[in-house]
Amino acid sequence: MCGEVGLAFVNKLRDDDTHYATRCNHCGHVQLAPLPTVEEDEEFYKKDKMLKNIFKDIQSLQTEEKLMYRMELFVHEQADNLEKYLPPKSDQADIRLIDIGTGFGWLPQFMREKGYQMDGVEINDDKRELCKQRCGIEIFGWNFLKDEPEVMEKAGYYDVLCMTHVLEHISDPVLFLKRASILLKPKGMLFIDVPNFNDYYREHQKEYNDWAFMRAHVNYFTPETLTKVMERSGFSGVKVYGHQPHSIENAIHWWRNKAPDLRWHQFYLSEPLEWINKIYKAKIESEVKSTFISAVGYRK
Ligand SMILES: [Zn+2]
């Protein structure tokens with residue numbers, strides 16, 4: 001990220017013996033070594049190896065369609081989180097959003113249902129096709145790490161650029177953000193959501209810590225390193241916030257079972273218990289020790 005030489009070992013990966021998580025001695029950024037190439041990354045996502053790796057022991061989640069519906073609730077929560085950072089609802093019809101790395105296209109679909117104008121970009125052909133079949137939304141296929149002249153048609157067109165759970169997968173996040181920012185109007189807003197390397201539970205349990213490191217995640221951002229990446233990419237006014245979708249049930253499941261519960265997303269408790277969840281999430285988010293972090297910044 002900073003271009004300096006010198007790395008220290010951080011952790012092994014849960015699903016790959018050929019890469020390691022390492023910390024830069026100079027800027028403190030945590031990234032895989034050796035760094036995957038653009039070609040390796042493209043192969044990885046076009047074949048959808050990430051979701052299939054995560055759910056490799058769940059036979060019923062080995063088709064694209066099953067994975068698509070598995071992601072639906074996850075992205076519902078992402079859409080509600082994104083909306084908190086957007087201009088007031090009265091202006092929503094006038095602002096144009098674009099979602100980069102849209103996966104199955106749930107975020108554009110949900111944001112359009114909320115009344116926003118939103119397009120999307122996704123390099124995986126099957127996912128774009130499934131989105132078109134499901135809801136009729138066409139997603140662009142641009143890859144910002146390669147030359148894609150079509151992007152220029154939409155240069156300076158959008159008010160808000162969204163990247164939820166994308167930047168941790170990108171081998172050159174600064175180059176990626178610089179290229180993607182061409183889509184934004186001057187002073188347009190960038191919204192990013194990524195896993196948080198400062199997640200409080202990593203310190204408490206070795207199994208949880210080891211689960212956090214995977215081949216799909218090339219970057220492991222803290223609020224500080226995410227801010228540096230955004231500033232190096234030409235964004236100003238960067239602010240980072242805690243984002244905790246996972247409930248206290250998820251933490252208790254890890255504590256009891258030393259493993260994730262992959263059967264469902266543990267985001268909410270039943271209604272009579274939800275008050276305790278609200279207190280839990282608010283405390284972790286206020287300390288920015290949450291599972292994810294959300295960031296906003298503005299194009300100069
Ligand atoms: Zn560095």
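Residues numbered from 1 in each chain as written. Predicted model: local features only at pLDDT ≥ 70, side-chain atom pairs only at ≥ 80, totals over all residues. Heavy atoms only, no water.

The residue Asn124 is located in the loop between strand E5 (117–121) and helix H5 (125–135) in this model. From its side chain, Asn124 meets the backbone nitrogen of Asp126 in a polar contact 3.0 Å long. (Helix = DSSP H or I, 4+ residues; strand = E, 2+ residues; numbered from the N terminus. Polar contact = N/O pair within 3.5 Å; in protein donor to acceptor, adjacent residues only side chain to side chain.)

A few words now on the packing of aromatic side chains. On inspection of all chains with the given rule, the structure shows 20 aromatic pairs. With 5.1 Å between their ring centres and 75° between their planes, Tyr201 and Tyr208 make a pair best called edge-to-face. Of the two residues, Tyr201 and Tyr208, neither departs from the other in class, the shared state being buried. One aromatic cluster is present, formed by Tyr200, Tyr201, Tyr208, Trp211, Trp254 and Tyr280 through successive ring pairs. Here the basic side chain of Lys154 rests over the ring of Tyr157, its NZ or CZ set 4.4 Å away from the ring centre. The ring of Trp255 carries the charged tip of Arg256 above its face, separated from the ring centre by 4.3 Å. (Phe/Tyr/Trp six-rings, centres within 6.5 Å; stacked < 30°, edge-to-face > 60°. Buried < 20%, exposed > 50% of the residue type's maximum accessible area, 1.4 Å probe, protein only. Lys NZ or Arg CZ within 6 Å of the ring centre and 35° of its normal.)

It is worth spelling out unusual backbone geometry at this point. Across the junction of Ala33 and Pro34, the peptide omega takes the value -10°, indicating a cis bond. In this structure, Pro34 sits in the loop between strand E3 (30–33) and helix H1 (38–46).

Here the focus is helix H10 (residues 274–286). Its 13 residues give H10 an end-to-end C-alpha distance of 18 Å, which sits within 8% of 18 Å, the value for a rise of 1.5 Å per residue. Buried within H10 are the following residues: Glu274, Asn277, Tyr280, Lys281 and Ile284. All buried residues of H10 lie within an arc of 115° about the axis, which places them on one face of the element. Exposed residues pointing more than 90 degrees away from the buried face of H10 are listed as Trp275, Lys278, Ile279, Lys283 and Ser286. A positive backbone phi angle near 50° is found at Val288, which sits one or two residues after H10. (Expected span 1.5 Å × (residues − 1). Arc of directions from axis to C-beta.)

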